[in-house]
Amino acid sequence: MGSMKTLKVALLGCGNVGAQVARILIDDAEVLAARTGARLQLTGIAVRDVAAKRTVDLPAELFTTEAEPLIKDADIVIELLGGLEPARTLIRSAIDNGAAVVTGNKALLAADGQDLYARADEAGVELSFEAAVAGAIPLLRPIRESLAGDRITKVMGIVNGTTNYILDQMDSTGAQFADALAAAQELGYAEADPTADVEGHDAAAKGAILAELAFHTPFDLANVQCQGISSITADDIAAAKDAGYVIKLLSIAERLRGLDGREGVAVRVHPTLLPRQHPLAAVHGAFNAVFVEAENAGEMMFYGQGAGGAPTASAVLGDVVSAGRRMVGGGPGRTETATVQLPAVGLDSVKTSYYIGLDVADQPGVLSQIAGVFAEHGVSIETMRQTIHAEDPHDTANDGGQVTAELRFVTHRASEASLAATVEAVRGLDIVNAVISVLRVEGI
Ligand SMILES: NC(=O)c1ccc[n+]([C@@H]2O[C@H](COP(=O)([O-])OP(=O)(O)OC[C@H]3O[C@@H](n4cnc5c(N)ncnc54)[C@H](O)[C@@H]3O)[C@@H](O)[C@H]2O)c1
Ligand SMILES: N[C@@H](CCO)C(=O)O
Ligand code: NA
């Protein structure tokens with residue numbers, strides 16, 4: 001390997017993922033060189049504070065607060081700072097300098113991916129980001145390369161490790177939301193600001209990226225319908241469990257016809273009830289799993305660790321070796337992915353099932369009144385369960401222990417508009433004390 005070419009690698013950021021990437025570049029240098037056909041020399045790590053304590057012991061001389069000089073000298077730039085700026089400016093600078101770029105920054109790619117892909121394409125450099133979606137799981141490369149000859153129709157799954165960890169802890173150990181979130185942060189799964197995880201923004205960014213790659217179209221992040229898990233209570237989880245379901249935060253990107261008959265793309269993120277025997281129900285902790293449906297391939301499932309320093313670093317290194325191989329073997333690789341322009345389709349064109357939990361008066365005729373409202377809106381009921389409460393747990397009026405019932409309906413698939421109208425009409429009935437929860441259901 002004496003005459004082997006050396007590729008200079010600049011690392012931006014040394015947090016949960018960056019520190020693991022540096023460790024692997026140093027510890028596995030020989031193996032990586034053999035696989036790449038060139039030595040991957042880590043020339044420096046740009047950080048905010050060179051003296052800060054790291055999760056991994058790394059040579060002090062690698063650290064610098066000056067990112068630009070590192071970038072100017074690099075063949076491959078790895079961006080693991082997170083956030084929009086200065087990541088965007090530094091990635092543009094790397095592309096302008098002819099370096100290949102590897103990033104895990106889904107927030108930036110969802111906001112600005114099309115511009116960056118176009119810049120990389122024009123400069124003839126590779127921009128790869130396997131780490132940005134579903135952490136360690138090889139998902140983007142299979143979509144971009146292995147499935148390039150097929151037509152993908154739907155990508156659906158658990159793409160946020162933090163929220164899956166929280167929901168799983170609440171479901172399996174009865175943990176409190178705040179404690180489970182703190183543990184996910186401690187384990188290195190959460191974003192710097194965990195609101196991005198909890199409110200579904202991280203899953204929304206990943207959904208938009210998946211839609212762009214799967215359907216070969218630009219997709220504006222603002223068109224993702226997004227609801228996070230902050231409103232999910234321990235009661236919701238217990239009620240779902242009791243009824244044979246588990247609650248998961250799903251990201252769903254699908255190709256479908258809008259109300260105007262034109263083909264388009266809908267992307268949504270929301271807490272979803274899944275039957276406990278559904279494959280996605282068995283995805284625990286910070287693991288992710290994604291179903292991809294394609295016209296010819298049919299259904300595929302990708303499963304693995306979706307967050308955490310070392311797993312995510314694995315995806316980063318895969319991209320680095322791949323970029324290095326192309327530099328040695330010639331050819332920039334193809335980074336531009338959009339070949340068509342598909343419109344965003346609103347949620348009103350999406351058909352889904354609802355789980356509706358109601359607190360109602362326990363008196364004759366209640367069920368038929370509610371069933372009548374469902375029928376009026378063309379929504380048919382798949383299952384109904386009833387629990388009688390001697391005293392109403394949702395009653396704050398303290399009116400002397402009126403006997404109430406809790407009704408839990410799961411509907412067949414219907415349009416979002418009919419379902420929303422049904423819930424509103426049911427809410428307006430005198431015999432309904434409260435709509436306790438409304439959640440979408442998949443996998444039935
Ligand atoms: N942690 C994960 O499981 C995971 C998984 C997939 C993708 N990602 C993505 O990878 C990236 C890094 O994630 P992380 O978990 O390592 O984050 P982190 O917050 O642990 O690390 C980021 C580091 O960058 C540093 N930094 C931020 N701005 C800087 C600047 N201007 N100059 C120098 N240093 C700066 C921070 O001080 C921090 O040390 C993010 O884009 C994140 O979304 C993370
Ligand atoms: N915060 C993200 C990191 C992986 O992208 C998550 O929890 O999934
Ligand atoms: Na991945």
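Calculation criteria
Residues numbered from 1 in each chain as written. Chains lettered and ligands numbered in written order. Predicted model: local features only at pLDDT ≥ 70, side-chain atom pairs only at ≥ 80, totals over all residues. Heavy atoms only, no water. UniProt positions renumbered as here; feature names shortened; annotations may be inferred. Helix = DSSP H or I, 4+ residues; strand = E, 2+ residues; numbered from the N terminus. Buried < 20%, exposed > 50% of the residue type's maximum accessible area, 1.4 Å probe, protein only. Core = buried A, V, L, I, M, F, W, Y, C linked by side-chain atoms within 4.5 Å. Contact = heavy atoms within 4.5 Å. Near = heavy atom within 4 Å. Polar contact = N/O pair within 3.5 Å; in protein donor to acceptor, adjacent residues only side chain to side chain. Areas by Shrake-Rupley, 256 points an atom, 1.4 Å probe, with all protein chains shown as cover. Donors = N, O, S within 2.8 Å, 3.2 Å for Na, K, Ca; no water. Domains from an automatic or database assignment. Buried area = accessible area lost by both parts, 1.4 Å probe. Axes fitted to C-alpha atoms, helices over the stretch in contact; angles between N-to-C directions. Parallel < 35°, antiparallel > 145°, perpendicular 65-115°, else oblique. Nonpolar A, V, L, I, M, F, W, Y, C, P; charged D, E, K, R; others polar. Salt bridge = Lys/Arg side-chain N within 4 Å of Asp/Glu carboxyl O.

For the protein chain, the name recorded in an unreviewed UniProt entry is Homoserine dehydrogenase, with Arthrobacter sulfonylureivorans as its organism. UniProt annotates the protein chain under Sequence similarities (unreviewed entry) with the comment "Belongs to the homoserine dehydrogenase family."

A. Structural view of unusual backbone geometry. Cis peptide bonds are those with omega within 30 degrees of zero, and the linkage from Glu-85 to Pro-86 qualifies with 5°. As for its placement among the helices and strands, Pro-86 is situated in the loop between strand E4 (76–79) and helix H4 (87–96). Backbone geometry at Ala-134 places phi at a positive 60°, although glycine is not the residue there. Positionally, Ala-134 belongs in the loop between strand E6 (127–128) and helix H6 (140–146). One non-glycine residue, His-216, adopts positive backbone phi at about 55°. Counting through the fold element by element, His-216 comes out in the loop between helix H10 (201–215) and strand E8 (225–226). Classification of His-216 as partly exposed rests on a relative accessible area of 25%.

B. A look at the nonpolar core. Residues Phe-129, Leu-139, Ile-152 and Val-292 are the most contacted members of the largest nonpolar core, which totals 76 residues. With 10 residues, H10 is the largest single contributor of residues to this core. With residues up to four places along the chain from it excluded, the contact list for Ile-152 reads Ile-143, Leu-147, Ala-214, Phe-215, Arg-255, Val-292, Glu-293 and Ala-294. If you look at the next biggest cluster of nonpolar residues, it comprises 33 residues, including Ala-22, Ile-45, Leu-58 and Leu-62.

C. Highlighting the site of ligand 1. As a structural note, the neighbourhood of ligand 1 is formed by 19 residues, with Asn-16, Val-17, Lys-106, Glu-191 and Gly-308 the closest of them. Within the contact set of ligand 1, an oxygen atom lies 2.9 Å away from a backbone nitrogen or oxygen of Asn-16. A distance of 2.9 Å separates an oxygen atom of ligand 1 from a polar backbone atom of Val-17. In isolation ligand 1 has 820 Å² of accessible area, and contact with the protein removes 82% of it.

D. Quick peek at the coordination of the sodium ion (ligand 3). Here the sodium ion (ligand 3) is held by Glu-130 (O), Glu-130 (OE), Val-133 (O), Gly-135 (O) and Ile-137 (O), and the distances to it run 2.4 to 2.7 Å. Positions of the donor residues of the sodium ion (ligand 3), expressed as sequence spacing, correspond to E-x2-V-x1-G-x1-I. In this structure, Val-133 and Gly-135 share a single accessibility class: buried.

E. Structural detail: the domain arrangement of the protein chain. Looking at the assigned domains, one finds that the protein chain contains domain 1 (6–135 + 310–329), domain 2 (140–305) and domain 3 (350–441). Put simply, the middle of domain 2 and the middle of domain 3, counted by C-alpha atoms, are 27 Å apart. Contacts between the two partners involve 16 residues from domain 2, matched on the other side by 10 residues from domain 3. Both sides together, the interface formed by domain 2 and domain 3 hides about 1,200 Å², and carbon and sulfur atoms give 59% of it.

F. Highlighting the packing of helix H5 (residues 106–123) against H10. Remark: H5 packs on H10, axes separated minimally by 7 Å, with the N-to-C direction vectors making an angle of 30°. Taken together, the axes of H5 and H10 lie roughly parallel to each other. Two secondary-structure elements touch here, H5 through Lys-106, Ala-107, Leu-109, Ala-110, Gln-114 and Tyr-117 and H10 through Asp-202, Ala-205, Lys-206, Ile-209 and Glu-212. Residues of the contact of H5 with H10, tallied by class, amount to six nonpolar, one polar and four charged.

G. Looking closely at the pattern of salt bridges. Considering all chains together, one arrives at 27 salt bridges under this definition. A salt bridge links Arg-141 to Glu-145; its shortest N-O distance comes to 3.5 Å. In this pair, Arg-141 and Glu-145 both sit in helix H6, four residues apart, roughly one turn of the helix. Ionic pairing is found between Arg-151 and Glu-263, a salt bridge with its closest N-O pair at 3.4 Å.

H. Quick look at the side chain of Thr-162. By secondary structure assignment, the location of Thr-162 is in helix H7 (residues 161–173). On the basis of relative accessibility, which here comes to 0%, the residue Thr-162 falls in the buried class. Every residue in contact with Thr-162, bar those within four places of it in the chain, is listed here: Leu-181, Ala-184, Tyr-189, Ala-190 and Asp-197.

I. The site of ligand 2, seen in detail. Near ligand 2 lie 13 residues; those nearest to it are Lys-106, Gly-161, Thr-162, Tyr-189 and Glu-191. Between Asp-197 and ligand 2, the recorded distance is 2.8 Å, taken from a side-chain N or O atom to a nitrogen atom. Compared with its free state, where it exposes 250 Å², ligand 2 has 94% of that area covered by protein. Mapped onto the shell around ligand 2, the elements with two or more residues apiece are H7 and H10. For the shell around ligand 2, the per-class residue count stands at four nonpolar, four polar and five charged.

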